[in-house]
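What follows is the residue order along each chain.
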Amino acid sequence: MATAEKPKIDLADAMLLPEPALADWLVVAPLCIGFAFGALCLMMRKNVAQQTQMAIAGLMLFFLATLGLAINVIENGTVVMAMGRWLPPFGITFVVDLMGAIFALATGFVGLAVGVYAMGDADKSERRYGFYPFLLIMLAGVATAFLTGDIFNLYVWFEVLLIASFGLIVLGSRREQLDGALKYAFLNLVATTFFLIAVAYTYGVFGTLNMADIARKSAEMSEIGPRATIAALFLFAFAMKAAAFPLNAWLPASYHTPLISVSAVFAGLLTKVGIYALLRLFMTMFPVDLPGLSLTIAIVAAATMILGALGALAQSDMRRALGFIVISGIGIMLAGLPLASPTALSGTIFYAMHSMVMMTALYLIIGIMGAQMGTFDLHRAGGLYVKYPGLAFTFLLIVLSASGLPPLSGLWPKIYLVKASIDVGIWWLAGAILLSGLLTTIALVRIFGFSFWRSQQSRTPEEGTYEAPPLDRLGVAATVALLGASLVAGLYPEPFIQIADRVAGELLNPTLYIDAVFPQETAQMGDAINEVSQ
Amino acid sequence: METAMVALTGLFFAVSIYLMLSRHVVRIILGIALLSNGVNLTIFTAGRLTREVPPFIASDAYVPVEGIANPLPQALVLTAIVIAFSFFAFLLVLVFRAYQELDSDDSDHMRVAEPEDAAEPPIGY
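Values in this document were obtained by computation on a predicted structure and should not be read as measured data. (Residues numbered from 1 in each chain as written. Chains lettered and ligands numbered in written order. Predicted model: local features only at pLDDT ≥ 70, side-chain atom pairs only at ≥ 80, totals over all residues.)

Student: Which residues make up the overall build of chain A, and what are the values?
Tutor: A count of helical and extended segments in chain A gives 22 helices and 2 strands. What you see for chain A is a C-alpha radius of gyration of 24 Å, in line with the 24 Å of a compact globule of 534 residues. The principal-axis extents of the C-alpha atoms in chain A amount to approximately 90 × 60 × 40 Å. Relative to its full complement of 534 residues, chain A shows a buried share of 59%. Of the contacts formed within chain A by residues at least 6 apart in sequence, a portion of 81% connects residues at least 24 apart. (Helix = DSSP H or I, 4+ residues; strand = E, 2+ residues; numbered from the N terminus. Rg over C-alpha atoms; globule rule 2.2 N^0.38 Å. Buried ≥ 20, exposed ≤ 12 C-beta atoms within 10 Å, placed from the backbone. Contact = placed C-beta atoms within 7 Å.)

Set out below in structure tokens:
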């Protein structure tokens, strides 16, 4: 081999040489914890008791890691970590701004609550077939999707969380589950494939996959055509992931079929990944000033929130009604995007956090109620108040929170969004938010009325008698923990609103995101400007 | 060359969308397999097509010669192929299991999760 003397190469030109601070390693912690504990749980899948303990330990560590990351970002600002220390935009970078950090924190919180609830909900065979490994890997996929700063890497995390969710949705293999899973799997796969098409065009047009780099180059680009094409493809893909009307058909077809813990974690997290991606895309990368885009999103938002709530009213199965309530909430989150004012975005962020926690809580408590009544059918529900008045109180509070009534956390973001729509004179959007709130309240209070206030319904002889299991106290505790977070945010919203306002500020000023990824170049530009001015 | 690739990609998309519009699940799954291949060709074309110069750096040089093939789309396509293949494998099993349980591959008849004759919600107590 030729051993010709090579001149020394200054690696500093291509790599980041300083060691990252110790706290910054938290950026990769959710990923590592999720995968490591997922693998460990898989290895001990025959010993169900041990596997469960291991999974709960993993979920706690996962939650603590996301909490630590969020505190780190709140105190020190955006954290950037370049994989392999390749200088951006060459390597994959993880960029954790405040929005990504709080979405990841909510993921950790919801994941832990669902993991605890599943101890009573998932039976032994479902756990042996991998409930906890799938859950941990899905959580790792969701959290890392919130943290990555590379668009192709985002696609990879979408696929990771999707394949893990496929595993979760078919656990049990009942007939209706396979039917629901088929629709869920096909339509979600089509959505992510369209996401990949959009990524291909992005790479073709901008020659880069780093989000900050795309943001820089898209701001300099004057032609509308390529940007509008890419933005439309992304909008289609992410709206489908978020289950926005008219791309929502997969959600009500599948979310009522799996285990309640699976439905709960899906309702809490998966659609919000789509919302996160839309915010990241249209705030950081492609501003919504493209012609027609913001009007389209506003109409989609209004249609989603109204039709979702109407769909919930038309269902007699409680779990199916909840699927439509999830869709309605997606519409409310989307409403902030076209308005793009600090108030509106702050409302969207706050509502997304609220919805991640409360949609999960809603599914979990419906699961407890269904187990006690032996049915999810409104026609046959009843008699719960006599047995469990405390459960009635808990469910009523969750209903108030999910419908956006005081004193819980759903109220404040809706006020923000209504105010933001009226500020710019889009009265119909404000009206749609209020109307959907009213319809959601009716749909949920109806479930409350039939399950708690009506006397127990007599069962036909062929149905036999139903022996209700003892109340799942651990499951109730997990649900109450979620509700507690909503109660705190509803009664003392100030710190939460401050954080949401900060996120909105960061979103409206994408140069902050770009500067965090390319600090040297900003510094050089600063020097150049100084030289010129001198 | 680009024009030919674009035409080929368009053909892939057209065929896959035609198949996905079918009621039969087997055709839909074939459509999805073709769609992912169409996307791979899109990524490949988006990375600009070049001829015959592999992206290697000679041992006595520090930069590759001009006009090498772009290695990044190849890495992306490789990742996408692996992902698409694993999803296709999962979907095949899922379709087969659904066919066993539901006894149909016609999506119009797959109404177990959302029965057509579902009762309307109760109006009063």
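After presenting the structure, the write-up continues.
Student: Explain the overall build of chain B residue by residue, including any values.
Tutor: Scanning chain B for helices and strands turns up 3 helices and 0 strands. In chain B, the succession of α and β elements from N to C terminus is α-α-α. Over its C-alpha trace chain B gives a radius of gyration of 23 Å, far above what one expects of a compact globule, namely 14 Å for 125 residues. Along the longest, intermediate and shortest principal axes, the C-alpha atoms of chain B span 85 × 35 × 30 Å. Counting every position in chain B, which comprises 125 residues, the buried fraction comes to 24%. Considering only intrachain contacts with a sequence separation of at least 6, the fraction spanning at least 24 residues in chain B is 54%.

Student: Describe in detail the interface of chain B and chain A, supporting the description with residues and values.
Tutor: Interface size is often expressed as the accessible area that is lost when the parts come together. Taken together, the contact pairs 36 residues of chain B with 39 residues of chain A. Secondary-structure elements contributing two or more residues to the side of chain B that touches chain A are α2 (25-46) and α3 (71-102) of chain B. With 13 residues, α3 of chain B is the largest single contributor of residues to the side of chain B that touches chain A. A breakdown of the residues in the side of chain B that touches chain A according to their chemical character gives 25 nonpolar, 6 polar and 5 charged. (Nonpolar A, V, L, I, M, F, W, Y, C, P; charged D, E, K, R; others polar.)

Student: Tell me about the confidence of the model for chain B, residues and numbers included.
Tutor: Note that predicted coordinates carrying low pLDDT should not be read in detail. Residue and element names in this part refer to chain B. Here chain B averages 87 in pLDDT, and 98% of its residues register 70 or above. The least confident element of chain B is α3, whose mean pLDDT is 91; the most confident is helix α1 (residues 2-20), at 93. The ipTM, which scores confidence in the relative placement of chains, is 0.93 for this predicted complex, and the corresponding pTM is 0.92. (pLDDT = per-residue confidence, 0-100.)

Student: Quick rundown of the environment of alanine 212 of chain A? Include the residues and the values.
Tutor: The residue alanine 212 of chain A is located in helix α8 (residues 211-220) in this model. With 165 residues separating them in the primary sequence, alanine 212 of chain A and asparagine 47 of chain A have C-alpha atoms 46 Å apart.

Student: Hey, could you go over the nonpolar core for me, with residue numbers and the actual values?
Tutor: Residues and elements named next belong to chain A. Grouped together as the largest cluster of nonpolar side chains are 235 residues, with contacts concentrated most on Ile102, Leu161, Val357, Leu362 and Ile398. When residues in this core are grouped by element, the largest group, 20 residues, is from helix α14 (residues 342-373). Those residues within four positions of leucine 161 in sequence are excluded, and the remaining contacts are Met138, Gly141, Val142, Ala145 and Val273. (Core = buried A, V, L, I, M, F, W, Y, C linked by C-beta atoms within 7 Å.)

Student: How would you explain helix α9 (residues 225-242) of chain A if you had to name every residue and give the values?
Tutor: An α-helical turn contains 3.6 residues, so any two residues separated by three or four positions project in the same direction. Residues and elements named next belong to chain A. For α9, which comprises 18 residues, the first-to-last C-alpha distance of 25 Å matches the rise-based estimate of 26 Å (1.5 Å per residue) to within 8%. Considered for burial, the residues of α9 that qualify are Arg227, Ile230, Ala231, Phe234, Leu235, Ala237, Phe238, Ala239, Met240, Lys241 and Ala242. On the buried face of α9, the contacting elements are α7 (175-206), α8, α11 (260-285), α12 (293-313) and α13 (318-339). At the C-terminal side of α9, alanine 243 shows a positive phi close to 65°. (Expected span 1.5 Å × (residues − 1).)

Student: Give a description of unusual backbone geometry that names residues and reports values.
Tutor: Residues and elements named next belong to chain A. With an omega of 0°, the peptide bond between phenylalanine 245 and proline 246 qualifies as cis. Within the element layout of this structure, proline 246 appears in the loop between α9 and α10 (250-254). At the junction of proline 406 and proline 407, the peptide bond is cis and its omega measures out at 5° in the coordinates. Turning to its location among the elements, proline 407 is positioned in the loop between α16 (389-403) and α17 (411-423). Phi is positive for alanine 243, which is not a glycine, with a value near 65°.

Student: If you had to explain helix α2 (residues 48-76) of chain A to someone new, which residues and values would you point to?
Tutor: Residues and elements named next belong to chain A. Between its first and last C-alpha atoms α2 spans 41 Å; for 29 residues at 1.5 Å apiece the expected length is 42 Å, and the two agree. Within the span of α2, buried status applies to Gln51, Thr52, Ala55, Gly58, Leu59, Phe62, Phe63, Ala65, Thr66, Leu69, Ala70 and Val73. Here the buried face of α2 lies against α1 (29-43), β1 (79-82), β2 (93-96), α3 (98-121), α4 (124-128) and α5 (131-147). Two residues or fewer after α2 comes glycine 77, characterised by a positive phi angle close to 80°.

Student: So what's going on with the confidence of the model for chain A? Residues and values would help.
Tutor: Here chain A averages 88 in pLDDT, while 94% of its residues score no lower than 70. Across chain A, the element-wise mean pLDDT spans from 59 in helix α22 (residues 519-533) of chain A up to 94 in α5 of chain A.

Student: Run through the packing of α14 of chain A against α17 of chain A, naming residues and quoting values.
Tutor: All names here are of chain A. Two numbers describe how α14 lies on α17: the axes approach to 8 Å, and their chain directions differ by 155°. As far as their axial angle goes, α17 and α14 are roughly antiparallel. As α14 runs across α17, the sense of the crossing is left-handed. Residues Thr343, Ala344, Ser346, Gly347, Phe350, Tyr351 and His354 of α14 lie in contact with α17, whose contacting residues are Trp412, Pro413, Tyr416, Leu417, Lys419, Ala420 and Asp423. (Axes fitted to C-alpha atoms, helices over the stretch in contact; angles between N-to-C directions. Parallel < 35°, antiparallel > 145°, perpendicular 65-115°, else oblique. Left-handed = near helix turned anticlockwise from the far one by under 90°.)

Student: Residues and numbers for the pairing of β2 of chain A, please.
Tutor: Residues and elements named next belong to chain A. Alternating residues of β2 divide into Thr93 and Val95 and Phe94 and Val96, and every residue in both groups is buried. For β1 and β2, the ladder comprises 4 bridges, and the chain directions are antiparallel. Paired with methionine 81 across the bridge in β2 is phenylalanine 94. (Pairing = 2+ DSSP bridges.)

Student: Tell me about the packing of α11 of chain A against α13 of chain A, and name the residues and values.
Tutor: If you want to describe how two helices pack, look at the angle between their axes and the distance between the axes. Residue and element names in this part refer to chain A. Contact geometry for α11 and α13: axes closest at 11 Å, N-to-C directions at 20°. It follows from the interaxial angle that α11 and α13 lie roughly parallel. At the point where α11 passes α13, the crossing takes the right-handed sense. Where α11 abuts α13, its residues Ser263, Ala267, Thr271, Ile275, Leu278, Leu279 and Phe282 lie against Arg319, Leu322, Val326, Ile330, Met333 and Leu337.

Student: Which residues make up the environment of alanine 239 of chain A, and what values go with them?
Tutor: All names here are of chain A. Checked against the element boundaries, alanine 239 lands in helix α9. Separated by 170 residues in sequence, alanine 239 and leucine 69 place their C-alpha atoms 28 Å apart. The residues contacting alanine 239, other than those within four sequence positions of it, are Ala244, Leu247, Gly274 and Val300.

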